[in-house]
Amino acid sequence: MSRPSWEEYFMDITFLVAKRATCRRRQVGAVLVKDKRVLSTGYNGAPMGLAHCLDIGCLREQNNIPSGERHELCRGLHAEQNAIIQAAYHGVSVNDSILFCTNLPCIICLKMIINAGIKKIVYKDGYADELSYDMIRESGIELAEYRVEEKI
């Protein structure tokens, strides 16, 4: 039996967190980690106490809004936003942490990530937001695409 690497371990947790998402279009999970310890987690969905898109339908689908555009026209918070908010809610600093995420953050999330002091993003899938890629390069945040290693 082989143990998962730290990156694989935290990405596995990220994919588990994504299963809680209530978005009808995409299930996204995020985990903030520092010194090999989970600081907080987040998934995409409506704010606390509000109806979820799974239950009432998707505003973006109803208005034919393409992925990567008009982020403000959505009932839900993104997974990265929820992870940062949960840490703040519980008084946990995320400065110098690593964000593990199922998807590359959008531009709105990226601006929050930059100002929260997150130093690295590990992600599995890209996202249709070119400005996000540009700002990541400009910010100096380390970016790593997660690739599953084949075990023989």
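Since we're looking at a predicted model, the values are computed, not measured.

**Here's the deal with the packing of aromatic side chains**
Turning to step 1, where the next piece is worked out: Throughout the structure, instances matching the rule amount to four aromatic pairs.
Turning to step 2, where the next piece is worked out: Plain terms: the ring middles of Trp6 and Phe10 are 5.7 Å apart, the flat faces sit at 20° to each other, and that makes the pair stacked. Placement of the pair is Trp6 and Phe10 together in helix 1 (residues 6-18), with a separation of four residues, close to one helical turn.
Turning to step 3, where the next piece is worked out: Ring centres of Phe10 and Phe100 lie 5.4 Å apart, and the angle between their planes is 40°; this geometry places the pair in the tilted category. Of the two residues, Phe10 sits in helix 1 while Phe100 sits in strand 3 (residues 98-103), which places them 90 residues apart along the sequence.
Turning to step 4, where the next piece is worked out: The structure contains a cluster of three or more aromatic residues connected by ring pairs, namely Trp6, Tyr9, Phe10 and Phe100.

**Describing the environment of Val38**
Turning to step 1, where the next piece is worked out: If you trace the backbone, Val38 turns up in strand 2 (residues 37-43).
Turning to step 2, where the next piece is worked out: Judged by its relative accessible area of 39%, Val38 falls in the partly exposed class.
Turning to step 3, where the next piece is worked out: Taking the C-alpha atoms as reference, Val38 lies 18 Å from Arg3; in sequence the two are 35 residues apart.
Turning to step 4, where the next piece is worked out: In this view, Val38 contacts Phe10, Ile13, Val31, Leu32 and Val33; residues no more than four positions away in its chain are not counted.

**Section: the side chain of Arg60**
Turning to step 1, where the next piece is worked out: Among the structural elements, Arg60 can be located in helix 3 (residues 59-62).
Turning to step 2, where the next piece is worked out: The buried charged residue Arg60 lacks any salt bridge, with Glu72 as its nearest oppositely charged partner at 6.5 Å.
Turning to step 3, where the next piece is worked out: Aside from chain neighbours lying at most four places away, what touches Arg60 is Arg25, Ile65, Pro66, Ser67, Gly68, Glu69, Arg70, His71, Leu73 and Cys74.

**Things to note about the pattern of salt bridges**
Working definition: two side chains of opposite charge can pair if their charged atoms are close together.
Turning to step 1, where the next piece is worked out: Applying the stated criterion across every chain, the model contains five salt bridges.
Turning to step 2, where the next piece is worked out: Across the salt bridge formed by Arg70 and Glu72, the nearest N and O atoms sit 2.7 Å from each other.
Turning to step 3, where the next piece is worked out: Taking the relative accessible area as the measure of exposure, Arg70 reaches 47% and is therefore partly exposed.
Turning to step 4, where the next piece is worked out: When the shortest N-O distance is used, the salt bridge between Glu142 and Lys120 registers 3.6 Å.

Procedures and definitions
- Residues numbered from 1 in each chain as written.
- Predicted model: local features only at pLDDT ≥ 70, side-chain atom pairs only at ≥ 80, totals over all residues.
- Heavy atoms only, no water.
- Phe/Tyr/Trp six-rings, centres within 6.5 Å; stacked < 30°, edge-to-face > 60°.
- Helix = DSSP H or I, 4+ residues; strand = E, 2+ residues; numbered from the N terminus.
- Buried < 20%, exposed > 50% of the residue type's maximum accessible area, 1.4 Å probe, protein only.
- Contact = heavy atoms within 4.5 Å.
- Lys, Arg positive; Asp, Glu negative; His and termini not counted.
- Salt bridge = Lys/Arg side-chain N within 4 Å of Asp/Glu carboxyl O.

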